[in-house]
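Coordinates in review
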Amino acid sequence: MDRRDLLKAGAAGVAGTLLGALPAGAEPSAFPPGFLWGTSTSAYQVEGRGDRRADSIWDVFCRLPGTIADHSNGDIACDHYHRYPEDIALMARAGLKAYRFSISWPRVLPEGTGQPDAKGLDFYSRLVDTALKAGIEPWVCLYHWDLPQALQDRGGWGERAIAGWFADYARLMARHLGDRVTRWIMLNEPSVVAVMGHGLGEHAPGFRSRAKMFAAMHHQNLAQGRALSALRAAGGGRFRLGTILSLQPVRPGGGLDANRPAAAMWDALWNRAFLDPLFHGHYPALIEPFAAPLVQPGDLAEIRQPIDFLGVNYYGPMYQRADPAGIIGTNWGAMPADMKKTAMGWPVDPSALVELLVELRDRYGNPTIYVTENGAFYRDRTGSDGRVDDRARIAYLRDHIAACRRALAHGVDLRGYFIWTILDNFEWAHGYTARFGIVQVNRATMERTPKESYDWFGAVARANAA
Ligand code: FCB
């Protein structure tokens, strides 16, 4: 029996056996019935252009020199546009019950507003039908970073009118898919869009401006609120509405007390500037002075919305230090010297996930939560037998899934776990150099090869199926 079979054998028994020795704590022996196992992708990262798709800000950003590590782009990506039946079959074979994907806004609305493209709409209709047929629930995310360039030309997230454009687009999608789709996600990680896209210039549209960063923060919050109301009205009670945040506990760089204010500031920007308005109807005090010039009467009431679930994307904590030259007086700080890291250089800290989930329980009224992204880039090794050995990824997943079980034991209302991600794909500024998939994609042939983590994760999902 080789290692892979051993894993399978473990999974066939009790999930606790499979998960191995868990860190101390009161873990339930298995996940509760109905706990949902799924995977997430995003349009720009996997689809490719397909038949036709108007430019998004990422197409334009990729053409700028020096933006993408390997000078690549999403023109082909994983060609999911054509190969989605095979990809959905892979999900089904792994026992996954939910597929979260995003709609490419410029594919369905080339101008961002106005006349939809029938071919673009039809693609998502077929995708939804194929998932449903495979017994997989489609979770539709409306915005995963690929804004139509036509809207960027009109001011993009810097322009307040985008709240209306986004709500109209949400209504359009509800009209086309709402007979089959009940799960709707407004935004993916608005903090990344604001900070990396508008503040630090590392993502599209590539601005380095504090003013643009805060405008993007507020207008995303506003757009999200308006789209939530629009879909609540459109769904007639059938829709389950939510949004997704990248949440990362923030620690003082170098463990220094002197960096505590910097950590608090970054926490306010990265986490609370999105959580507090949504759940409490106000910006955190540290963000208030920056938000005030943007907030108009009625905005905060529109942003504060009941949601059916919060999606949490979790990869690791962040470290910040004081730096007067930084975008808000802070900068990346040193993590503990003994911290384990992924090949991305990101810290591996599953216990910070428990801490984060428990904090959400306490501060925001125990919302229903799904971990909508978690996963890691490690360099895979392909053996002479063609097997893709990614045991480092398996260890990462095992420890984070164990953390989810600990959070459940603490009374967190956690309902599911979506792995990032099924396929190696276009990892934004890293291009194709950073690979998070549990399935390898040959860039020349597009051939899909499941890695050992695919078998492992499938075994976990099946062992814990409802
Ligand atoms: C998240 C993004 C996702 C992917 C992972 C690694 O921040 O939502 O698209 O890039 O990171």
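A brief look at the structure comes next. (Residues numbered from 1 in each chain as written. Predicted model: local features only at pLDDT ≥ 70, side-chain atom pairs only at ≥ 80, totals over all residues. Heavy atoms only, no water.)

1. Points about the site of the ligand
How we decide: We call a residue near a molecule or strand as soon as one heavy atom of that residue lies within 4 Å of the molecule or strand. What qualifies as a polar contact is a pair of N or O atoms within 3.5 Å, subject to a donor-acceptor requirement within protein and to the restriction that residues adjacent in sequence count only when both atoms come from side chains. Here, Shrake-Rupley sampling with a 1.4 Å probe gives the accessible areas, and only protein chains in the shown set may cover a residue. Here the term cavity refers to a set of points on a 1 Å grid, laid over the protein atoms alone, in which a 1.4 Å probe fits but cannot get out; the term pocket refers to an open set having protein on both sides within 12 Å along at least five of seven lines, with lining residues being those that place an atom within 4 Å of a point. Occupancy of a cavity or pocket is assigned to a molecule whenever over half of its atoms lie within 2 Å of that pocket's grid points. Under this grouping Gly is polar, as are all residues other than the nonpolar Ala, Val, Leu, Ile, Met, Phe, Trp, Tyr, Cys and Pro and the charged Asp, Glu, Lys and Arg.
In the vicinity of the ligand, the contacting residues are Gln45, His144, Trp145, Asn188, Glu189, Asn313, Tyr315, Glu373, Trp420, Glu427, Trp428 and Phe436. Contacts to the ligand include Asn188, whose side-chain N or O atom sits 3.0 Å from an oxygen atom. Side-chain polar atom of Glu189 to an oxygen atom of the ligand: 2.6 Å apart, as the coordinates give it. Against a free-state accessible area of 300 Å², the protein chains account for coverage of 94% of the ligand. Among the detected pockets, the ligand sits in the largest pocket. Here the shell around the ligand is composed, by residue class, of 5 nonpolar, 4 polar and 3 charged.

2. Quick look at the environment of Ala334
Cut-off, in case you're wondering: Starting at the N terminus, helices and strands are each numbered in turn, a helix being any DSSP run of H or I of at least four residues and a strand any DSSP run of E of at least two. For every residue, the accessible area obtained with a 1.4 Å probe (protein chains only) is divided by the maximum for its type, and the residue is called buried under 20%, exposed over 50%, and partly exposed between those limits.
Its location among the elements puts Ala334 in the loop between strand S9 (330-332) and helix H15 (350-363). On the basis of relative accessibility, which here comes to 47%, the residue Ala334 falls in the partly exposed class. Separated by 41 residues in the primary sequence, Ala334 and Gly375 have C-alpha atoms spaced 22 Å apart.

3. Regarding the sheet that holds strand S13 (residues 414-419)
Operational definition: Strand pairing requires that DSSP identify at least two bridges connecting the strands. Axis definition: a line fitted to C-alpha atoms, limited for helices to the stretch in contact. Angles are taken between N-to-C directions and run from 0 to 180 degrees. Two residues form a contact once any of their heavy atoms are found within 4.5 Å.
The 8 strands lie next to each other as S1-S2-S3-S4-S5-S7-S10-S13, forming a closed barrel whose pairing is parallel. The sheet shows a mean angle of 25° between the axes of neighbouring strands, direction not considered. Inspection of the sheet shows strand S3 (residues 137-143) paired to strand S4 (residues 183-188) by 4 bridges, in the parallel sense. Bridging from a neighbouring strand, Tyr143 pairs with Leu187 of S4. Most of the contacts of helix H11 (residues 210-235) go to S4, to which it runs at about 170°, and overall it touches S3, S4 and strand S5 (240-246).

4. So, empty space enclosed by the protein
Empty space among the atoms can be located by rolling a probe the size of a water molecule over them. Going by this rule: Grid points are joined across faces, edges and corners, and a volume is the space filled by probe spheres set on the points.
Counted under the stated rule, the structure contains 1 cavity of 30 Å³ or more. When its volume is computed, the largest cavity comes out at roughly 50 Å³. Around the largest cavity, the lining residues are Ile57, Trp58, Tyr143, Trp145, Val192, Val193, Gly197, His203 and Ala204. Listing elements by their share of the lining of the largest cavity, those giving two or more residues are helix H4 (57-63) and helix H10 (190-199). Broken down by element, the residue count for the lining of the largest cavity peaks at 3 residues, all from H10. Tallied by class, residues from the lining of the largest cavity come to 7 nonpolar, 2 polar and no charged.

5. A closer look at the sheet that holds strand S8 (residues 318-322)
Strand order across the open sheet formed by 3 strands is S6-S8-S9, with mixed pairing between neighbours. On the outer flanks of this sheet lie strand S6 (250-252) and S9, each paired with one strand and no other. Pairs of neighbouring strands in the sheet enclose a mean axial angle of 45°, with direction left out of account. Relative to S9, S8 runs antiparallel, the two sharing 3 bridges. Within the sheet, the bridge partner assigned to Arg321 lies in S9 and is Asn331.

6. Looking at the packing of aromatic side chains
The criterion, for reference: Between rings of Phe, Tyr and Trp, where Trp is taken as its six-membered ring, a pair exists when centres lie within 6.5 Å; planes separated by under 30 degrees are stacked, by over 60 edge-to-face, and by other angles tilted.
Taken as a whole, this structure holds 40 aromatic pairs when the rule is applied. Consider the rings of Trp58 and Phe426, whose centres lie 6.4 Å apart with planes at 80°: the pair is edge-to-face. Of the two residues, Trp58 is situated in helix H4 and Phe426 in the loop between S13 and strand S14 (439-441); the sequence distance between them amounts to 368 residues. Between Tyr315 and Trp346, the aromatic rings sit 5.3 Å apart at their centres with planes inclined by 65°, giving edge-to-face as the arrangement.

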